[in-house]
Every structure is written in C-alpha cells, then in structure tokens.
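Coordinate analysis (summary)
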Amino acid sequence: MKEREKKYIALWQVIQRECRRLVSRPLYLFCMVIAPLFCYIFFTTLMDSGLPQNLPAGVVDMDDSSTSRNIVRNLDAFSQTGVVAHYSNVTDARIAVQEGKIYGFFYIPKGLSVEAQSQRQPKISFYTNYSYLIAGSLLFRDMKMMGELTSGAAARTALYAKGATEGQAMGFLQPIVIDTHPLNNPWLNYSVYLCNTLIPGVLMLLIFMVTVYSIGVEIKDRTAREWLRMSNNSIYIALAGKLLPHTVIFFIMGIFYNVYLYGFLHFPCNSGILPMIFATLCLVLASQCCGVVMIGTLPTLRLGLSFASLWGVISFSISGFSFPVMAMHPVLQALSNLFPLRHYFLIYVDQALNGYSMAYSWSNYMALLIFMLLPFLVVHRLKEALIYYKYIP
C-alpha cells in the first residue's frame, strides 16, 4: 500500500474516532451547538428594539407652572426617556438615583417662568448616573436637548415680543442648520453595533475552549498515545483528524449566524454575505490554531483552559468595537494585533459596513493566515507532551 494511501486511511480513522468522541460526550454538543445558538438568540433579542426605550427618570419641579409642566411633558415625549416619578426636593431624587430606581432627574428651579419672561437667565439642572454608561449617556443627551429647547423657546418668545417675525427669530436662534446623516448604522441601533462582534467573539471563545479541552482531555485520560498510534505517529495527521470535525461544526454555526444577522435580521452588509462567510471561516481556523498553541504551550488541561478563557475574554475589550484602538496606549494598540477577533472586526467594518472589496482588507486576512501557521511553532512540544507528559490532578 502506498504511503499516501496509508496517510489517508489514518486520517479517516482519526476523524471517525473524533466523531465518536463528539457524540459520546454531551459537553461537546452543548459547547458547539447549544451555547452558540443560545448566545445568538439571547443577544439579538436582548437588543431587538435597537436602543433602550423609556429609561426611568425623575423630575424635581419647584416652579409648578404651566411652563414647567410643559417642559416635563416634552421631556417625557422623548423615546429614550420616561418620566416615572416627581420628587419634592433634590435629596429625595438623589436617594432614588442611588437606590437605582431612576437613572437621573431633571431639576426645574422655583420662579423659572417669571425669570425667563423677564430675561434674567434662570438655570435648569439635570443629573444623570454615569455608573450605567449607556443609560446615563442617553438620558444626558435627552435632558441636554430639552434644556436647549427650553432656552430657545424662551428666547423666541422674547423676540416675538420685540416684533420679530418667525423667520427672523429662527434665523437668530439657529443661524446654521445642521443636517446629520450617521453612516452605516443610520438607525443608531445598538444591536447592529454590538451583535456583529459579540456573536463572533463568543463563537471564537468557545472554539478556544473546545480545542484546548479536546486535546487536553486526551492527556488527562491517558488516551493520547492511542490517538497518536492511530495516526501513524504523525502529529499533523492527529491534529488534522481531530480538528476537522470541529471545523465543520463551527463553520456551520458561523454560516448560521451570518444568515441570521444579514439575511433574517437585515443588518447592513454592503459587500454581500459571501465575503463575511469567508471571513468567518478564517476566524474559525485561526481560533482553532490559537487553541492548539494554547494547549501546546501549557499542556495541562486546567492551565490550557485558563489561558483560552483569559485570551478570549480580553479579545472583547481590545478588539476595538467598544473602545477605539487608536485611543488606547501605543503598547495596547500593538497588542491588539495578537487577537483574531480584532482582525475579524476590521474585516467586518471594511466588508459589511463600508462595502469595500476583499483586497482592501488583505492585511487582516494575512494576519488570520499567520494565526493558522502558529501551531507549527509548538507542534513538536505538543507531541512530546502527548507521549511523555503525565497528568497531575
């Protein structure tokens, strides 16, 4: 029998062995199918409204006039703000914020309407809890806008009283009209903003963990030598046969979330879905290879899993979708290139959001290819661990 045929037979035997292991342990089913599907549905339904609606806010109305009541009604009309309580003083409102009952409150001083009519510049105050960044930011935006509208309404009334026409008054109050057009996500939808990176990131983290576990458990259960013998003592055939079934399953899960996000939920995908599916395949392969490096560097199951979980969790923070990499410390900017999710995120921005050609993202594809080549650095160390390492619980 030719040597090449022996390699193919050995590869097929390892693949069959790994498939039997996958169906014999419910943990694989949970981590490779159930957990990804749960995360897909959880994150997309959690943010299905796009933006938080009717965030609870309070009002301290010390003026109690028709003008102040109109201000409160207008504030409550904002989609992100819901006035749920009126307080008699600032102390009660502050306590409500500290107890988490409201995210902020709007303070209207006594004599607001009288001072506004006499042009004595009354002050309106608003307080938001920035411990909750999104809620505090949205309430701050609405309350600030309400303050500006109130100021503009008072100035317009004074101009009308002096005989100015509506056109003259508006030209004085707003000499330059700003026409805003947010690019790529005009709805300012948080689901579009977050899910396109959170979901691939969760899948990447699970790939790290499953890859490390599937190899580390061979060492723990003392079946590594049997695995190697079945592959004709070739570590390359052993790894290829073990990881190929994983690749197929994870790639199917990747195709599913692409179809779900861009086909069913109609998230922006200006380059078409095929480039994103190819990017997902690159992410899956790069993540598996990173998992091999992790268990090859630390050939102990608990240390390998700790390495995988740490590296996967840090990826969410350093990939740039929550805080821009260009605003980070230069050292962190350089370290961000060591995470596959960072390069996938840049491909997503170029392909799905901007609609550029795949050639525009060649450097990120090359980075993912380099991740795929990293196992060659530790493959001999891993083989020695499979043969000689004794698991110490």
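Computed from a prediction, not measured in an experiment: that's the story for all the values here.

Thoughts on the overall build of the protein
Secondary structure summary: the protein contains 16 helices and four strands in total. Against the 2.2 N^0.38 benchmark of 21 Å for 393 residues, the protein shows a C-alpha radius of gyration of 29 Å, more extended than a compact globule. Dimensions of the protein, computed from C-alpha atoms along their principal axes, come out at roughly 105 × 45 × 40 Å. The buried share among the 393 residues of the protein stands at 46%.

What about the domain arrangement of the protein?
Its domain assignment divides the protein into domain 1 (1-48 + 189-388) and domain 2 (55-173). Using C-alpha coordinates to define each centre, domain 1 is positioned 50 Å away from domain 2.

Things to note about helix H15 (residues 362-373)
Here H15 contains 12 residues, and its C-alpha end-to-end distance of 17 Å stays within 8% of the 16 Å for a straight helix at 1.5 Å per residue. When H15 is considered as a whole, its buried residues turn out to be Asn364, Tyr365, Ala367, Leu368, Phe371 and Met372. Angular distribution of buried residues about the axis of H15 spans 155 degrees; they occupy a single face of the element. Away from its buried face by more than 90 degrees, H15 exposes Trp362 and Ile370. The secondary structure elements touched by the buried residues of H15 are helix H11 (273-297) and helix H14 (340-353).

Some words on the UniProt feature "transmembrane region" (unreviewed entry) in the protein
What UniProt calls "transmembrane region" (unreviewed entry) maps, in this numbering, to residues 27-47, 190-215, 235-260, 272-298, 310-332 and 362-380. Span residues 27-47 is 95% helix and 0% strand, its end C-alpha atoms 28 Å apart. In residues 310-332, helix accounts for 52% and strand for 0%; the two terminal C-alpha atoms are 16 Å from one another.

Focus: unusual backbone geometry
Peptide bonds are mostly trans, and most non-glycine residues show a negative phi. In this structure, arginine 222 is a non-glycine residue whose phi angle is positive, near 60 degrees. Summarising the element assignment, arginine 222 is placed in the loop between helix H8 (190-220) and helix H9 (224-230).

A look at a positive patch on the surface
Together, Arg222, Arg225, Arg229 and Lys390 make up a region of like positive charge exposed at the surface. Mapped onto the elements of the fold, arginine 229 is located in helix H9. Arginine 229 sits in the exposed class, given a relative accessible area of 56%.

Concerning the packing of H8 against H11
Where H8 contacts H11, the two axes come as close as 8 Å, and the packing angle between them is 40 degrees. The orientation of H8 with respect to H11, classified from their angle, is oblique. For H8 against H11, the interelement crossing comes out right-handed. For the pair formed by H8 and H11, the contact residues are Pro200, Met204, Ile207, Phe208, Thr211, Val212, Ile215 and Gly216 on the first element and Leu283, Val284, Ser287, Gln288, Cys290, Gly291, Val292, Met294 and Ile295 on the second. Here the residues of the contact of H8 with H11 sort into 12 nonpolar, five polar and no charged.

So, the nonpolar core
If you look at the biggest cluster of nonpolar residues, it comprises 71 residues, and the most contacted ones within it are Ile215, Leu239, Tyr262, Tyr348 and Leu386. With 17 residues, H8 is the single largest residue contributor to this core. Excluding anything up to four places from it in sequence, isoleucine 215 contacts Trp227, Leu239, Lys242, Val292, Ile295, Leu382 and Leu386. Among the nonpolar cores identified, the runner-up in size contains 16 residues, and Val59, Ile71, Phe78 and Leu138 belong to it.

Here we look at H11
Helix length check: H11 (25 residues) gives 36 Å between terminal C-alpha atoms against 36 Å at 1.5 Å per residue, within 8%. Most of H11 sits inside the fold, with 19 of its 25 residues counted as buried.

Observations regarding the packing of aromatic side chains
Per the counting criterion, the structure on display carries 20 aromatic pairs. Here phenylalanine 105 and tyrosine 127 contribute two aromatic rings whose centre-to-centre distance is 4.8 Å and whose plane-to-plane angle is 25 degrees, an arrangement assigned as stacked. Of the two residues, phenylalanine 105 is situated in strand S3 (residues 104-108) and tyrosine 127 in strand S4 (residues 125-128); the sequence distance between them amounts to 22 residues. What links up through ring pairs into an aromatic cluster is the set Tyr40, Phe256, Tyr257, Tyr260 and Phe264. Seen from the ring of tryptophan 227, lysine 242 lies directly overhead, with NZ or CZ sitting 4.9 Å from the centre.

Thoughts on the packing of H11 against H14
For the pair H11 and H14, interaxial distance at closest approach is 10 Å and the crossing angle is 175 degrees. In terms of orientation, H11 and H14 fall into the roughly antiparallel class. Mapping the contact onto sequence places Pro275, Met276, Ala279, Thr280, Leu283, Ala286 and Cys290 in H11 and Pro340, Leu341, Tyr344, Ile347, Tyr348, Gln351 and Ala352 in H14. Classifying every residue of the contact of H11 with H14 by side-chain character gives 12 nonpolar, two polar and no charged.

Concerning the sheet that holds strand S2 (residues 81-86)
A sheet is described by the order of its strands in space; here four strands give the open sequence S2-S1-S3-S4, paired in mixed fashion. Each edge of the open sheet carries a strand with a single partner, namely S2 and S4. Strand-to-strand twist of the sheet, defined as the mean angle between neighbouring strand axes without regard to direction, takes the value 25 degrees. Sheet topology note: the S3/S4 ladder contains four bridges and is antiparallel. Within the sheet, the bridge partner assigned to phenylalanine 105 lies in S4 and is tyrosine 127. Strands in contact with helix H3 (residues 66-77) are strand S1 (55-61), S2 and S3; relative to S2, the strand with the most contacts, it is inclined by about 135 degrees. Most of the contacts of helix H4 (residues 90-98) go to S3, to which it runs at about 165 degrees, and overall it touches S1 and S3.

What counts and how
Residues numbered from 1 in each chain as written. Predicted model: local features only at pLDDT ≥ 70, side-chain atom pairs only at ≥ 80, totals over all residues. Heavy atoms only, no water. Helix = DSSP H or I, 4+ residues; strand = E, 2+ residues; numbered from the N terminus. Rg over C-alpha atoms; globule rule 2.2 N^0.38 Å. Buried < 20%, exposed > 50% of the residue type's maximum accessible area, 1.4 Å probe, protein only. Domains from an automatic or database assignment. Expected span 1.5 Å × (residues − 1). Arc of directions from axis to C-beta. Contact = heavy atoms within 4.5 Å. UniProt positions renumbered as here; feature names shortened; annotations may be inferred. Patch = residues over 30% accessible without salt bridge, like charges linked within 9 Å, V, L, I, M, F, W, Y side chains within 5 Å. Areas by Shrake-Rupley, 256 points an atom, 1.4 Å probe, with all protein chains shown as cover. Salt bridge = Lys/Arg side-chain N within 4 Å of Asp/Glu carboxyl O. Lys, Arg positive; Asp, Glu negative; His and termini not counted. Charge placed at Lys NZ, Arg CZ, Asp CG, Glu CD. Axes fitted to C-alpha atoms, helices over the stretch in contact; angles between N-to-C directions. Parallel < 35°, antiparallel > 145°, perpendicular 65-115°, else oblique. Left-handed = near helix turned anticlockwise from the far one by under 90°. Nonpolar A, V, L, I, M, F, W, Y, C, P; charged D, E, K, R; others polar. Core = buried A, V, L, I, M, F, W, Y, C linked by side-chain atoms within 4.5 Å. Phe/Tyr/Trp six-rings, centres within 6.5 Å; stacked < 30°, edge-to-face > 60°. Lys NZ or Arg CZ within 6 Å of the ring centre and 35° of its normal. Pairing = 2+ DSSP bridges.

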